[in-house]
Amino acid sequence: CDGKHLPPELIRLIVRIKGADRTALITAQAKRLHLENIRPMTRDASKNREDMDMTMDAVLLDAPCSGLGVMADKPDVKYRVTPESVEEIVRTQRQLLDAVAPYVKKGGTLVYSTCSVLKEENVRQAEDFLARHPEFELAKLPETIPAEFRQHEDVGLQLLPSRDGVEGFYICRFKRKRI
């Protein structure tokens, strides 16, 4: 789906953009693709905006991470990742999840992803999120993800270069309960 025929309220995304240059790139891409329902903004996504609570059908949090899943393409990662930096990243991920979760409407979806292979950034982060947010539950990934990958789904899906022949990546889908 190219997004052109979806209602505007379905395409609202929260993206942590580090600078105005990235916002300009997203704006240009949306214009090029004729996607009129994307509103990029530069802001701190770790701070909840109460005016946006319960307004979104879906939120994608492509969280900042250690990047250890893409070491083949970025070998310098192994020189800058330390136990302390991972702890800091995990805290940031937690803060971002807690900040954007209220935006999801009842019955809506929150998708959390990283390009990491570390359990503390992925499975443990998802389990901790569910423990803090009983209003959410795990949701199966869509069938558009190939079955060869989905067969490994548990608490989200961890892709591994050694097993799956792709970069290391994690994705977890949460659904806000309707009650």
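These figures come from a predicted structure and were not determined experimentally. (Residues numbered from 1 in each chain as written. Predicted model: local features only at pLDDT ≥ 70, side-chain atom pairs only at ≥ 80, totals over all residues. Heavy atoms only, no water.)

J.: Could you give an account of the environment of C115, naming the residues involved and the relevant values?
T.: Counting through the fold element by element, C115 comes out in the loop between β2 (104–114) and α4 (123–132). Distance from C115 to G69, taken between C-alpha atoms, is 5.1 Å for residues 46 residues apart in sequence. Leave out the neighbours within four places in its chain, and C115 touches C65, G67, L68, G69, V70, G168 and F169. (Helix = DSSP H or I, 4+ residues; strand = E, 2+ residues; numbered from the N terminus. Contact = heavy atoms within 4.5 Å.)

J.: Lay out the pattern of salt bridges in plain terms, naming residues and giving numbers.
T.: Summed over all chains, the structure comprises 7 salt bridges. Between K105 and D57 there is a salt bridge, with the nearest N and O atoms lying 3.6 Å from each other. Here D57 lies in strand β1 (residues 56–62) and K105 lies in strand β2, a separation of 48 residues in the sequence. Among the residues examined, K105 registers a relative accessible area of 28% and is labelled partly exposed. Overall, D57 belongs to the partly exposed group, its relative accessible area being 24%. For the salt bridge of R124 with E120, the shortest nitrogen-to-oxygen distance reads 3.7 Å. The class of R124 is partly exposed, set by a relative accessible area of 42%. Among the residues examined, E120 registers a relative accessible area of 33% and is labelled partly exposed. (Salt bridge = Lys/Arg side-chain N within 4 Å of Asp/Glu carboxyl O. Buried < 20%, exposed > 50% of the residue type's maximum accessible area, 1.4 Å probe, protein only.)

J.: Give me the lowdown on helix α1 (residues 20–32), citing residues and values where you can.
T.: End to end, α1 covers 18 Å across 13 residues, agreeing with the expected 18 Å (1.5 Å per residue, within 8%). With its phi angle positive at about 60°, H34 sits one or two positions after the end of α1. (Expected span 1.5 Å × (residues − 1).)

J.: So what's going on with α4? Residues and values would help.
T.: Buried within α4 are the following residues: Q125, A126 and F129. Taken end-on, α4 shows its buried residues confined to a sector of 100°, consistent with a single buried face. In this structure, the buried residues of α4 make contact with α3 (83–100), β2, β3 (136–139) and β5 (169–176). (Arc of directions from axis to C-beta.)

J.: Explain the side chain of N122 residue by residue, including any values.
T.: Within the secondary structure, N122 sits in the loop between β2 and α4. In this structure N122 comes out as buried when scored by relative accessible area, which is 0%. With residues near it in sequence (within four places) discarded, N122 still touches T114, S116, V117, Q158 and Y170.

J.: Which residues make up the side chain of S113, and what are the values?
T.: Relative to the assigned elements, S113 resides in strand β2. A polar atom in the side chain of S113 sits 3.2 Å from the side chain of D62. Not counting the four nearest positions on each side in its chain, S113 is found in contact with L60, L61, D62, A63, F169, Y170 and I171. (Polar contact = N/O pair within 3.5 Å; in protein donor to acceptor, adjacent residues only side chain to side chain.)

J.: Mind laying out the packing of aromatic side chains, listing which residues take part and the relevant values?
T.: With the rule as written, the count across this model stands at 3 aromatic pairs. Centroid distance Y112 to Y170: 6.3 Å. Interplanar angle 70°. Geometry classified as edge-to-face. Here the residue Y112 occupies a position in strand β2, and Y170 occupies one in strand β5, the gap between them amounting to 58 residues. The exposure class assigned to Y112 is buried, which follows from its relative accessible area of 0%. Through successive ring pairs, a cluster of aromatic residues spans F129, F136 and F174. (Phe/Tyr/Trp six-rings, centres within 6.5 Å; stacked < 30°, edge-to-face > 60°.)

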